[in-house]
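If you want the building blocks of each chain, they are given just below.
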Amino acid sequence: MCPTERRVFIEHLQHYVKQSDYPGLDVFICTADPYKEPPMCVVNTALSVMAYDYPPEKLSVYVSDDGGSQLTLFAFIEAARFATHWLPYCRKNKILERCPEAYFRSSPHGLLRPLKLRMRARVENVVKRGSILPDYITNEAESEAFSRWADGFTPRDHPAVVQLVLLEADRDKDITGHTMPNLVYASREKNMNLPHHFKAGALNVLFPQMFYGINKNDTYGAESRQSEIVLIGMDGLVGPTYIGTGCFFRRQVFLDGSSPQLSPDLLVSKSIKSKEVLALAHHVAGCNYENQTRWGSKMGFRYGSLVEDLYTGYRLHCEGWKSIFCNPKRPAFLERRPSISMTFSSPQVCLNLPRGLRPLVFLASISFLGAYGQNCLEFMLSGGSIQRWWNDQRVWMMRGLSSMMFGLVEYLLKTIGISTFGFSVTNKTVGEEQSKRYDQGLFEFGVSSPLLLPMTTAAIINCISFLWGIAQVFTQGRLEGILLQMFLAGFATVNCWPIYEAILLRTDGGKIPVKLTLISIILAWALYLHLR
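Conventions we followed
- Residues numbered from 1 in each chain as written.
- Predicted model: local features only at pLDDT ≥ 70, side-chain atom pairs only at ≥ 80, totals over all residues.
- Heavy atoms only, no water.
- UniProt positions renumbered as here; feature names shortened; annotations may be inferred.
- Helix = DSSP H or I, 4+ residues; strand = E, 2+ residues; numbered from the N terminus.
- Buried < 20%, exposed > 50% of the residue type's maximum accessible area, 1.4 Å probe, protein only.
- Pairing = 2+ DSSP bridges.
- Contact = heavy atoms within 4.5 Å.
- Patch = residues over 30% accessible without salt bridge, like charges linked within 9 Å, V, L, I, M, F, W, Y side chains within 5 Å.
- Areas by Shrake-Rupley, 256 points an atom, 1.4 Å probe, with all protein chains shown as cover.
- Salt bridge = Lys/Arg side-chain N within 4 Å of Asp/Glu carboxyl O.
- pLDDT = per-residue confidence, 0-100.
- Arc of directions from axis to C-beta.
- Right-handed = clockwise from strand over helix to strand, strands pointing away.
- Core = buried A, V, L, I, M, F, W, Y, C linked by side-chain atoms within 4.5 Å.
- Phe/Tyr/Trp six-rings, centres within 6.5 Å; stacked < 30°, edge-to-face > 60°.

Draft legend 1. View of the UniProt feature "transmembrane region" (unreviewed entry) in the protein chain. In this structure's numbering, the residues bearing the UniProt feature "transmembrane region" (unreviewed entry) are residues 401-425, 445-470, 482-500 and 512-531. Each end of residues 512-531 is marked by a C-alpha atom, and these two atoms are 27 Å apart; helix forms 90% of the span and strand 0%.

Spelled out as structure tokens, the structure:
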């Protein structure tokens, strides 16, 4: 009703505040599994953040490793070493694309490319082996770091707190003598008998997504233009909600100042490597720290939902906090293109309907076309193309019959106590063949997953329904009573084309498994017999 768009004039900042008066900036990066979230991807995130055009002495980067992996720790020790070259290189050459992976992809002859390739090779070699080679530990500080990691993760069933300061502002310098930002590795204590609250718990230990590398037509609808439209609209009402990343919070949002040590305005004059500061960090990261406190209810990220971002955003709005949507033309955050493992399924099922329901279907169809027209118009006005809009709406329908449907069933089972809440980290590794298929605009269906059953079953039923309608037209010469149904079945059939292609035409690793296709045919036949 009242969309609001904001513009940022960063060049005017110097007229309003001195750099010495900039607020301290803490950046949180979470990871949980070095095999599903490759350490080099997490490292690239940290390096791009550390290279912010911001006073380094006021910048702190915290890595929360819920997997407690020495592989991730090794990757960040390598990143700390590379950062002493990367940060001055970005300053000197006025680099805007400060993610090393993205920069060297577009500038393959950059001076630091050999150093970056060496870092990547060492990290990937360690991940492949599953252990760290002794000759990869080059100094006493690194040896001490791994010793402290080993002490913290013995025994494995009850890992203790591990807090390691890899870089410290005002003490560690880059190769040109400039101070480095703080870089802290943290892994919190866990106990099988106590809840750890998933990602929200990991964020509480510390104190709009745009992707790069998307193919031409955005096959999986990853550009999230719909989210951008919603955020602009909400900015004109109560403000956009928190969607998990690319968000800046005032410290007062999470810290109420009831404890002097955790006051949002507290300035620590001591070194972050001092015994007092490390002792407090260990205390906060302990699994018993939150007991009988307001953490998770009135302080920090809110507990009670696996979607801690949306839940926390809603709760903060209820408590009176305001939010705004700042969306500069040059994206403030870029994320690598999404993983392309199959996590969704297919469009609606359309069958022959009783005559009495046809007026309702006609009304629903008018609403359907109106909503689609509005959706397409908004998508185009936000800078999208027709082909990207088509893929975007197809993926939304796929999710409706797969991840959303399965999520609802799982929620209901957990609500009545049949199962317990769990969390699975999305696999972000992408093979070379998968990457080639993605660049060609092909869907990835090569996984035998229950999520594919609703998709293939619905696709088969829609195709048969549409062909049956065409047969009725040619054999009986009439459209009365079936035109609307043919339209809906035809619409679904067109949306399902990638599925038919994956069943009949493709021979690569992304095709739908034959076993799954046969099961879907049996289910479609059983549904037909039941409705008959």
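Still more ground to cover, so stick around.
Draft legend 2. Inspection of the pairing of strand β4 (residues 182-187) at higher detail. For β4, the buried fraction is high: six of the six residues fall into the buried class. A two-sided burial pattern is seen for β4, the buried positions comprising Asn182, Val184 and Ala186 on one face and Leu183, Tyr185 and Ser187 on the other. For strand β2 (residues 59-65) and β4, the ladder comprises five bridges, and the chain directions are parallel. If you follow Tyr62 over to β4, its bridge partner there is Val184. Note: strand β3 (residues 162-167) against β4, five bridges, orientation antiparallel.

Draft legend 3. View of the environment of Val63. Mapped onto the elements of the fold, Val63 is located in strand β2. You can call Val63 buried: its relative accessible area is 1%. For Val63, the contacting residues outside a window of four places in its chain are Ile29, Phe76, Leu183, Val184, Tyr185 and Ala186.

Draft legend 4. Inspection of a nonpolar patch on the surface at higher detail. Together, Met405, Phe406, Val409, Leu413, Ile416 and Ile418 give the surface a local cluster of nonpolar side chains, amounting to about 530 Å² of exposed area. With respect to the helices, strands and loops of the structure, Val409 is situated in helix α12 (residues 403-415).

Draft legend 5. View of the confidence of the model for the protein chain. Summing up the model confidence of the protein chain, the mean pLDDT is 80 and the portion of residues at 70 or higher is 82%. Below pLDDT 50 for its whole length, residues 338-345 participates in 36 contacts with residues either more than four positions away or in separate chains.

Draft legend 6. Region of interest: helix α8 (residues 275-285). For α8, the full list of buried residues reads Leu278, Val284 and Ala285. Taken end-on, α8 shows its buried residues confined to a sector of 120 degrees, consistent with a single buried face.

Draft legend 7. Structural detail: the pairing of strand β1 (residues 25-31). By the alternation rule, side chains of β1 split into Leu25, Val27, Ile29 and Thr31, which are all buried, and Asp26, Phe28 and Cys30, of which none is buried. As judged from the seven bridges shared by β1 and β2, these two strands associate in the parallel manner. In the strand pairing of β2, Val27 is matched with Val61. At this point the chain moves from β1, through helix α1 (residues 39-50), to the parallel β2, and the crossover so formed is right-handed.

Draft legend 8. Quick peek at the nonpolar core. Grouped together as the largest cluster of nonpolar side chains are 46 residues, with contacts concentrated most on Leu47, Met50, Phe76, Trp86, Leu166 and Leu183. Mapped onto this core, the elements with two or more residues apiece are β1, α1, β2, α2 (70-93), α3 (100-106), α4 (113-129), β3 and β4. If one sorts the elements of this core by residue count, α2 sits on top with 14 residues. Not counting residues up to four positions away in its chain, the partners in contact with Phe76 are Val42, Val43, Ala46, Val63, Leu166 and Leu183. Counting 16 residues, the second largest nonpolar core, distinct from the first, contains Met455, Ala459, Tyr500 and Ala502.

Draft legend 9. Spatial organisation of the pattern of salt bridges. Taken as a whole and assessed by the stated rule, the structure comprises 15 salt bridges. Taking the shortest distance from any N to any O, the salt bridge between Arg122 and Glu78 comes out at 3.0 Å. Of this pair, Arg122 sits in helix α4 while Glu78 sits in helix α2, placing them 44 residues apart in sequence. Look at Glu78 and you get buried, because its relative accessible area is 2%. A salt bridge links Lys436 to Glu433; its shortest N-O distance comes to 4.0 Å. Taken together, the positions of Lys436 and Glu433, both in helix α13 (residues 432-439) and three residues apart, correspond to about one turn of that helix.

Draft legend 10. Structural context of the packing of aromatic side chains. Taken as a whole and judged by the stated rule, the model has 21 aromatic pairs. Measuring from ring centre to ring centre gives 5.7 Å for Trp86 and Phe104, while their planes differ by 45 degrees; the resulting arrangement is tilted. A residue pair is termed long-range when its members are at least 10 positions apart, and Trp86 in helix α2 and Phe104 in helix α3 qualify at 18 residues. Residue class for Phe104 comes out buried when judged on its relative accessible area of 3%. Ring centres of Tyr372 and Trp389 lie 5.8 Å apart, and the angle between their planes is 80 degrees; this geometry places the pair in the edge-to-face category. Placement of the pair is Tyr372 in helix α10 (residues 358-381) and Trp389 in helix α11 (residues 386-400), with a sequence separation of 17 residues. The same class applies to Tyr372 as to Trp389, namely buried.

Draft legend 11. Main features of unusual backbone geometry. A positive phi angle, close to 50 degrees, is found at Lys94, a residue other than glycine. Of note, Lys94 is situated in the loop between α2 and α3. Of the residues examined, Lys94 reaches a relative accessible area of 69% and is grouped as exposed. Notably, Asp170 is not glycine yet its phi reads approximately 75 degrees, a positive angle. Tracing the backbone through its elements, the reader meets Asp170 in the loop between β3 and β4.

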